[in-house]
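# Chain and residue survey
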There are 4 protein chains.
Amino acid sequence: MKYEYIQQAAYEANMQLPKLGLVLFTFGNVSAVDRNLGVFAIKPSGVPYEELSPEKMVIVDFDANVVAGTLRPSSDTKTHAVLYKHWDAIGGIVHTHSTYATAWAQSLRDIPIYGTTHADHNVADIPCAPPMSDEMIKGDYEYQTGFQIMDCLRKKKLSYQEMEMILVGNHAPFTWGKTAEKAVYNSAVLESVAQMAYLTEQIRQDAPRLKDALIKKHFERKHGPDSYYGQ
Amino acid sequence: MKYEYIQQAAYEANMQLPKLGLVLFTFGNVSAVDRNLGVFAIKPSGVPYEELSPEKMVIVDFDANVVAGTLRPSSDTKTHAVLYKHWDAIGGIVHTHSTYATAWAQSLRDIPIYGTTHADHNVADIPCAPPMSDEMIKGDYEYQTGFQIMDCLRKKKLSYQEMEMILVGNHAPFTWGKTAEKAVYNSAVLESVAQMAYLTEQIRQDAPRLKDALIKKHFERKHGPDSYYGQ
Amino acid sequence: MKYEYIQQAAYEANMQLPKLGLVLFTFGNVSAVDRNLGVFAIKPSGVPYEELSPEKMVIVDFDANVVAGTLRPSSDTKTHAVLYKHWDAIGGIVHTHSTYATAWAQSLRDIPIYGTTHADHNVADIPCAPPMSDEMIKGDYEYQTGFQIMDCLRKKKLSYQEMEMILVGNHAPFTWGKTAEKAVYNSAVLESVAQMAYLTEQIRQDAPRLKDALIKKHFERKHGPDSYYGQ
Amino acid sequence: MKYEYIQQAAYEANMQLPKLGLVLFTFGNVSAVDRNLGVFAIKPSGVPYEELSPEKMVIVDFDANVVAGTLRPSSDTKTHAVLYKHWDAIGGIVHTHSTYATAWAQSLRDIPIYGTTHADHNVADIPCAPPMSDEMIKGDYEYQTGFQIMDCLRKKKLSYQEMEMILVGNHAPFTWGKTAEKAVYNSAVLESVAQMAYLTEQIRQDAPRLKDALIKKHFERKHGPDSYYGQ
């Protein structure tokens, strides 16, 4: 019974992915963490969304060991585990292959900050982590993916609390947040921003990045100490 | 009870935004004005559409003071207030981050008048207001956004009664109309025209603007003194 | 009661347009003809689809005079009348502003025959009629639109029985067929072919047109004397 | 009664096509084989999906002779028959004109392997078979289409068990799999991969193909002897 809360949270967050048009078949997964118990609940691998239920969510610790549950956890479980282990403040993680974000990941480009929709959520370009070395890929691949994500943020001097989304080059996006629900929200925001950035470049090849004053203004009205967005 | 009518109008108009595919999450807001009372009803900030009800619409005067309601109004309230104060003939205002219109706003380009779908509603390119100066942004940002919109129309010699839509550069579209319902209609038209203009340029880079005779004909058959569209 | 049949046919065909995603608001209309009575039933102008009913369809003769009905007919009625008057074999006509077909119309380009989806329905590029002269536009515009359509087919040596769709330059598509239902089918096919042709050119700028043997084969297996498609 | 099982399988798989957005009207068909009986069940030609039922599926042998059923089978039946005859291990075949895959087919290009969504399913570019010679087209066209598909895989040294999808140049995609259900799954995957590859090239014209280590890793985690995806 002690895992019920995070199983419910992970279940509900997973079920949002098809509703938001972010997944085809089983191409995505969400997890929700319990920091006190040191475990997270994650989608079982390859199980269609319509067959999911809260109790099917697999309980895993931060070294990716299955703690409870009869199903095999998502094949991306080790990436989730690494991020939970190193990032104390996150409560949920999402991985999808959503169309536009994945196309940017395949192009190996950061998503430039072209407008306020982007700035409402991030103060910088959304980074694209470079593809891993062949050694990392042949080794413990999903585990290394977690380190590749952390390494990319560090090199770009971005905090995981400010930048809650990333593209993994040649692969697809990961997002996170204080809760699984917030991480799903970030996945939908990323997909929308990715589509708008793509269209912006099609409409004007040399579209300028947003100027600093606007970046600061929009981020702070939602997230700064004097924020005035929401209730 | 005296605000019930505009609360209902604002509520119904807000609920059209997700139905028409114009908003993701809470990225949009509609207001409806009562000219006699000198107030308007507007969406509360950050409240999901599925949780809205007419009585949650916040009542605000033309200086953006909350007159009635327990929730905080939309963060864009000051922009609405400025426009209602200066434009006597409008009854409703809409702000969205709809995908194609926002991509044009991010490209800082006016939407060229390429066809009759556009001319059925506007006789000119849909203007894109330039980004504000850093001083305006750092100052009373949403208030200045209203003036930036009015200033852009003035410089382009467009009347707000003929051109009921605008892009705010680097940001997103605003539309208005005689009623909140008409303003929502205009948002959907803008999004459709923005998509068609984008596709037109992709299909033919040097697509010509619509010729004057057709612009005049189509606008007048819907809006001229001898209009013969509708009942 | 004698118009009931075509009113029902026109009503049902009109209701297909929003279901097939071919119209926003009231941007489209369908008519169905009765050759014996020399009249057609057409959508009333500017009435939302959800408010339509069979008896609201307006009965009009081939000179565009209203014969029965209390509502004003579609503003495009004269175009329908001209085509019914001159083309004996058609039973229905559709006009929409569907997104991709309209973008091609705005680009003033014929849609090249790039594949078998196109060839299953047409043996030639889908023509785009040039914009009318200013005199034609300022005159009886919708009436002249009908002649512009017929003139374009004639110049391209296309029969209206083989080519059941056209783009009106700067404007939008018209389609027709033996029945109103078939004309709606053609509108959906046109939109799909228009989207595929757009994407084909994006993927390969110099994509070749379909070769003659394939054009002939695909058209004939659906429409030739030895056709073997369908029941 | 002995055909009931494959009729049910073919029916259910056919009904997935409109649900997955892979067909407009009747532009697609699925078949399911019974290897013991040497026959397959296939969609009747030109019958709308909403009018289908299991017993309407036509039973055909590997030489394309109708064995049971009162309706005419899909016009593409001979292509299905040829593939079943030569490829022992497949249980289902799908043909659609899905938008993005068809656009690639019309461009006569293989779909480059740009990311892991592709590599999760295929280790190579998705091939586009060249258009057939005029003789093949004028001859037994659908029969030859089957040989054109087999010939293309052979020339590219691809096994039909590893590469379960192909584009037929100027035409549209075919997919197959161990079951009809899996073949439909492959059609949806192909459409998604086709859309992402298109967007990738738009975002970055010189996007690099996925490197070998990643191709191998992703394919093997789903399909290799040590696969760890799914239950």
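Below is a summary of the structure that appears in this document. A quick note: this is a predicted structure, and the numbers were derived from the prediction, not measured.

Taken together, the contact between chain B and chain A spans 37 residues of the former and 35 residues of the latter. Between chain B and chain A the total buried area reaches about 3,100 Å² when both faces are included, carbon and sulfur atoms providing 57% of it. At the surface where chain B touches chain A, the tally comes to 3 salt bridges. Linking R221 of chain A and D76 of chain B is a salt bridge whose minimum nitrogen-to-oxygen distance equals 3.4 Å. The tally of links between chain B and chain A comes to 20 residue pairs in polar contact (both at pLDDT 80 or more). Counting residues per element, the side of chain B that touches chain A draws most heavily on helix α3 (residues 99–107) of chain B, at 7 residues.

Our focus in this paragraph is the side chain of T79 of chain B. Its place among the elements puts T79 of chain B in helix α2 (residues 77–86). Not counting the four nearest positions on each side in its chain, T79 of chain B is found in contact with E142, T145, G146, I149 and F174 of chain B.

Next up on the list: the pattern of salt bridges. Tallied over the full model, the rule gives 48 salt bridges over all chains. For R109 of chain A, the salt bridge is made with E201 of chain A, and the minimal N-O distance between the two is 2.8 Å. Here R109 of chain A, found in the loop between α3 (99–107) and α4 (116–119), pairs with E201 of chain A, found in helix α7 (residues 180–203); they are 92 residues apart in sequence, far enough to count as distant. K182 of chain B is the salt-bridge partner of E164 of chain B, the closest N and O atoms lying 2.8 Å from each other. Here the residue E164 of chain B occupies a position in the loop between α6 (141–155) and β7 (165–168), and K182 of chain B occupies one in helix α7 (residues 180–203), the gap between them amounting to 18 residues. Under the relative-accessibility criterion, E164 of chain B is labelled buried at 13%. Note on K182 of chain B: relative accessible area 29%, which makes it partly exposed.

Glancing now at helix α2 (residues 77–86) of chain A. Residues and elements named next belong to chain A. Along α2, 7 of the 10 residues are buried, which leaves the element largely enclosed by surrounding structure. Residues T77, T79, H80, A81, V82, L83 and Y84 constitute the buried set of α2. Elements in contact with the buried residues of α2: β1 (28–34), β2 (39–42), β3 (58–61), β5 (92–96), α6 (141–155) and β8 (173–177).

You can overlay chain B on chain A at an RMSD of 0.0 Å; the transform is a turn of 90 degrees with a shift of 0.0 Å along its axis. Accordingly, the operation relating the two chain copies is best matched by a four-fold axis. For chain B, the smallest separation between a C-alpha atom and the rotation axis is recorded for Q202 of chain B, amounting to 5.6 Å. The two copies present different faces, since only 5% of the interface residues in chain B are matched by interface residues at the equivalent positions in chain A.

This next bit is on the packing of helix α1 (residues 4–19) of chain C against helix α7 (residues 180–203) of chain C. Residue and element names in this part refer to chain C. Interhelical geometry of α1 versus α7 gives an angle of 15 degrees and a closest axis separation of 9 Å. With respect to α7, the element α1 is oriented roughly parallel. For the element pair α1 and α7, the recorded crossing hand is right-handed. Residues A9, A13, Q16 and L17 of α1 lie in contact with α7, whose contacting residues are A180, E181 and V184. When the residues that make up the contact of α1 with α7 are grouped by side-chain class, the tally is 5 nonpolar, 1 polar and 1 charged.

Here we come to the pairing of strand β8 (residues 173–177) of chain B. All names here are of chain B. β8 sits mainly inside the fold: 5 of its 5 residues count as buried. Both faces of β8 are covered, namely the face carrying P173, T175 and G177 and the face carrying F174 and W176. With 4 bridges connecting them, strand β5 (residues 92–96) and β8 associate as antiparallel partners. Considered in β8, the bridge of G92 is made with G177. As paired strands, β7 and β8 are joined by 3 bridges and run antiparallel to one another. Bridge pairing in β8 places M165 opposite T175. Here β7 hands over to β8 after 4 residues, with N170 in that stretch at a positive phi of 70 degrees.

Reading guide: rules and limits
- Every chain is numbered independently, its residues counted from 1 as its sequence is written.
- Working convention: letters from A go to chains and numbers from 1 go to ligands, in the order in which they are written.
- Local features in this predicted model are restricted to residues whose pLDDT is 70 or higher, and side-chain atom pairs enter the listing and the counts only when it is 80 or higher, whereas totals over whole chains, interfaces and linings include all residues.
- Values reported for side chains reflect all heavy atoms of the structure, with hydrogen atoms and water molecules removed beforehand.
- Here, residues are in contact when the closest pair of their heavy atoms is within 4.5 Å.
- When two components associate, each loses some accessible surface as probed by a 1.4 Å sphere; the sum of these losses over both components is called the buried area.
- Every case where a carboxyl oxygen of Asp or Glu lies within 4 Å of a side-chain nitrogen of Lys or Arg is listed as a salt bridge.
- Two N or O atoms count as a polar contact when they lie within 3.5 Å, although within protein this holds only if one can serve as hydrogen donor and the other as acceptor, and sequence-adjacent residues are included solely when both atoms are side-chain atoms.
- Each helix is a run of DSSP H or I of at least 4 residues and each strand a run of E of at least 2, with the numbering of both proceeding from the N terminus.
- Accessibility here uses a 1.4 Å probe with only protein chains present; expressed as a share of the type maximum, an area under 20% marks a residue as buried, one over 50% as exposed, and anything in between as partly exposed.
- To line up the copies, we fit them by least squares on C-alpha atoms, keeping just the residues with pLDDT of at least 70 in both.
- Note on geometry: axes are lines fitted to C-alpha atoms, helical ones only across the stretch in contact, with angles between N-to-C directions running from 0 to 180 degrees.
- By definition in this entry, angles of less than 35 degrees are roughly parallel, angles greater than 145 are roughly antiparallel, angles of 65 to 115 are roughly perpendicular, and the rest are oblique.
- Should the near helix be turned anticlockwise from the far one by less than a right angle, the crossing is termed left-handed; should it be turned clockwise, right-handed.
- All residues other than Ala, Val, Leu, Ile, Met, Phe, Trp, Tyr, Cys, Pro, Asp, Glu, Lys and Arg, Gly among them, are scored as polar; the first ten of these are nonpolar and the last four charged.
- Two strands pair under a simple rule: DSSP has to find at least two bridges between them.

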